[in-house]
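For reference, the chains in residue letters:
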Amino acid sequence: MKDIINMKEMKQHILTGISYFIPLVVAAGLTMAIGRALAGQSVANLGESGIGYWLFQTGSLGMQMMTPVLCAYIAFSMSGKVALAPGFIIGWLASSINTGFIGGMAGGILVGVVVNACKKYIHLPQAIAALKGMLVIPFLATAISGVLMFAVIKGPIVWLMAHLTAFLQSLSSGSRFIYGGVLGAMATFDFGGPVNKTATAFVNALYAEGIRDAKTVQIIASMIQPLGISLSCLLTRNKYTRQERETLKAASVMGCFMISEGVIPIAARDLVRVVTACVCGSFVAGGISMVWGTSSELLNGGFIAFPFFSSPLQGCISLVTGVVVTAVVLSVLKKPVTEEDENRGEDLGRELSDEDLENIEIEIM
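The paragraphs below set out a description of the structure included in this document. Along every chain, residues carry numbers that run from 1 in the direction the sequence is written. Per-residue local features of the predicted model are confined to residues with pLDDT of at least 70, and side-chain atom pairs are confined, for both listing and counting, to 80 or more; whole-chain, interface and lining totals are unaffected and use all residues. Think of the side-chain values as coming from all heavy atoms in the structure, minus any hydrogens and water.

## Focus on the overall build of the protein chain
Scanning the protein chain from terminus to terminus reveals 15 helices and zero strands. For the protein chain, the C-alpha atoms occupy an extent of roughly 75 × 45 × 45 Å along the three principal directions. The classification of residues rests on relative accessible area computed with a 1.4 Å probe and restricted to protein chains. Under 20% of the type maximum is buried, over 50% is exposed, and intermediate values are partly exposed. When the 365 residues of the protein chain are sorted by exposure, 52% land in the buried category. Considering only contacts in the protein chain between residues 6 or more positions apart, those separated by 24 or more positions represent 76%. Under the DSSP-based scheme used, a helix requires at least four consecutive residues in state H or I and a strand at least two consecutive residues in state E, with every element numbered from the N terminus. Throughout, a contact is declared for two residues whenever any of their heavy atoms are within 4.5 Å.

This is the structure:
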């Protein structure tokens, strides 16, 4: 069983995916953030050409590759290069069904398990043995993993999103602090997964009807993750690896424009503590903002939107409160970095080597 899935090595497989994932997030995220900053009040201001538009579109398209890259390289770490193609496909599928980076991690593990099982149990005649790695395993891994993603994962996600929407609708007529707090917590809970997508769809629908205080909660909550974690790093540097501190330099800039993906690598390594802290901070900030009834004239933009709040000062107070709560909670919960953690941060996973690539054959037809 260990040659199919070894739970003791699972953390290292995930870290391998993260090692390939970090440069993509930083490069695409900063490019997108600069383009967004040039847009001013609305992305529509960028038009359809020019440096701002090109930067924003380039970064945006790059961010869409986030989940496929994470998924593919987790699968690669588990099963080698034959798992790369199925990993990219299943990662894109995970993104399309709104599972976020957690779905990408699960998809990568699923592909790795299927590929390892195929390697172990499929035996072909010597005459066609070369087809095993080139055709049979990639096909079976893609087909089997794809069916499982739709049949096992998508259904519960659709059910969850429907029930969360009904839950939010029921809260809207009750305590404004609880209502805003839950909206804020949902906006930060799973970094673009089904819970976040439900909150986004809900507040956008309200915005279209002229109800704009919920959108303010989402804007503020989306900034709390990177800014809160960055403040925690400043308060307790001994609880973050050297690589995490470097990653947060870019993530904090991205966070100013509501791009929270920069902290996903840090969240993936310490998921429970990071999510708990972010949810606490976003709940408090969302509750305060909703009680005050702060509304936004802009749909997004991070700090760009603040001058267009009904009360920019109240928006800033809500944000600062949430950031401080997140930082304090995370600094208390997080464990100090060990020498092993630091060393792992320097080398997060396998790199492609000549040996990995030596049997790739390219034939020009």
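Once the structure has been displayed, the description carries forward.
## Things to note about the packing of helix 9 (residues 213-235) against helix 13 (residues 312-333)
What describes two packed helices is the angle between their axes and the distance between those same axes. Here an axis means a line fitted to C-alpha atoms, over the contact stretch when the element is a helix, while the angle between two N-to-C directions is reported on a 0 to 180 degree scale. Helix 13 packs onto helix 9 with a crossing angle of 45° between their chain directions and a minimal axis gap of 7 Å. When the axes of helix 9 and helix 13 are compared, the pair comes out oblique. For the pair helix 9 and helix 13, the crossing hand works out as right-handed. In this structure, helix 9 uses Ile220, Met223, Ile224, Leu227, Gly228, Ile229, Leu231, Ser232 and Leu235 to contact helix 13, whose residues at the interface are Gly315, Ser318, Leu319, Gly322, Val323, Val324, Thr326, Ala327, Leu330 and Ser331. Asp, Glu, Lys and Arg are counted as charged, while Ala, Val, Leu, Ile, Met, Phe, Trp, Tyr, Cys and Pro are counted as nonpolar; the rest, among them Gly, fall into the polar class. For the contact of helix 9 with helix 13, the per-class residue count stands at twelve nonpolar, seven polar and no charged. Oblique is the label for any angle not covered by the other classes, which are roughly parallel (under 35 degrees), roughly antiparallel (over 145) and roughly perpendicular (65 to 115). Put simply, a crossing is left-handed when the front helix is turned counterclockwise from the back one by less than a right angle, and right-handed when it is turned clockwise.

## Considering the packing of helix 5 (residues 100-121) against helix 6 (residues 131-171)
Packing of helix 5 against helix 6 leaves a shortest axis separation of 9 Å and a crossing angle of 135°. In terms of axis orientation, helix 5 runs oblique to helix 6. Crossing geometry of helix 5 relative to helix 6 is assigned as right-handed. Mapping the contact onto sequence places Gly103, Gly107, Leu110, Val111, Val114, Val115, Cys118 and Lys119 in helix 5 and Lys132, Ile137, Leu140, Ala141, Ile144, Ser145, Leu148 and Met149 in helix 6. Tallied by class, residues from the contact of helix 5 with helix 6 come to eleven nonpolar, three polar and two charged.

## Considerations on the side chain of Thr241
Take Thr241: it is sitting in the loop between helix 9 and helix 10 (242-255). Setting aside its immediate chain neighbours within four residues, Thr241 contacts Arg269, Val337, Asp341 and Glu342.

## Describing unusual backbone geometry
Not every positive phi belongs to a glycine, and Asn98 is a case in point at roughly 60°. Turning to its location among the elements, Asn98 is positioned in the loop between helix 4 (84-96) and helix 5. Residue Met258 is not a glycine yet carries a positive backbone phi of 70°. Within the secondary structure, Met258 sits in the loop between helix 10 and helix 11 (264-269).

## Regarding the pattern of salt bridges
Here a salt bridge means any side-chain nitrogen of Lys or Arg lying within 4 Å of a carboxyl oxygen belonging to Asp or Glu. A complete count under the given rule lists six salt bridges for this structure. The salt bridge involving Arg212 is made with Glu297; its shortest N-O contact spans 2.7 Å. Here Arg212, found in the loop between helix 8 (194-208) and helix 9, pairs with Glu297, found in the loop between helix 12 (271-292) and helix 13; they are 85 residues apart in sequence, far enough to count as distant. Between Arg273 and Asp270 there is a salt bridge, with its nearest N and O atoms 3.0 Å apart. On the basis of relative accessible area, Asp270 is assigned to the buried category, the value being 13%. Among the ionic contacts, a cluster of salt bridges with common partners joins Asp270, Arg273 and Lys334.

## Things to note about helix 9
The span you would expect from a helix comes to 1.5 Å times its residue count less one. The terminal C-alpha atoms of helix 9 lie 32 Å apart, and with 23 residues this matches the ideal 33 Å at 1.5 Å per residue to within 8%. Along helix 9, the helix axis deviates most sharply at Ile224, where the bend reaches about 35°; the proline Pro226 sits within four residues downstream. Buried residues dominate helix 9, accounting for 20 of its 23 residues. One axis is fitted to the seven residues ending at the residue and one to the seven starting there. The bend at that residue is the angle between these axes.

## Looking at the packing of aromatic side chains
Centre distance within 6.5 Å is the pairing criterion for rings of Phe, Tyr and Trp, where only the six-membered ring of Trp is used; planes under 30 degrees apart are then read as stacked, over 60 as edge-to-face, and the remainder as tilted. Per the counting criterion, the structure on display carries seven aromatic pairs. A centroid spacing of 6.0 Å and a plane angle of 85° characterise the contact between Tyr73 and Phe88, whose relative ring orientation is edge-to-face. Taken together, the residues Tyr73 in helix 3 (residues 66-79) and Phe88 in helix 4 connect sequence positions 15 residues apart. Of the residues examined, Tyr73 reaches a relative accessible area of 13% and is grouped as buried. Assessed through its relative accessible area of 29%, Phe88 is described here as partly exposed. Three or more aromatic residues joined by ring pairs make a cluster, and in this case those are Tyr20, Tyr73, Phe76 and Phe88. Whether a charge sits over a ring depends on NZ of Lys or CZ of Arg being within 6 Å of the ring centre and within 35 degrees of the ring normal. Directly above the aromatic system of Tyr207 lies the positively charged group of Arg212, at a separation of 4.6 Å from the ring centroid. Directly above the ring of Tyr240 sits Lys334, whose terminal nitrogen or CZ lies 5.1 Å from the centroid.

## So, the environment of Val114
Looking at the secondary structure, you find Val114 in helix 5. The exposure class assigned to Val114 is buried, which follows from its relative accessible area of 10%. When residues no more than four places from it in sequence are discounted, the contact partners of Val114 are Leu140, Ala141, Ile144 and Ser145.

## Things to note about the nonpolar core
Buried Ala, Val, Leu, Ile, Met, Phe, Trp, Tyr and Cys residues form a nonpolar core when they are joined through side-chain atoms within 4.5 Å. Counting residues in hydrophobic clusters, the biggest one holds 40 residues, and the most contacted among them are Phe191, Ile229 and Leu248. Elements with a minimum of two residues in this core: helix 1 (10-39), helix 2 (51-64), helix 3, helix 5, helix 9, helix 10, helix 11 and helix 12. It is helix 1 that provides the largest number of residues to this core, a total of eleven residues. Counting 18 residues, the second largest nonpolar core, distinct from the first, contains Leu93, Val111, Val115 and Ala141.

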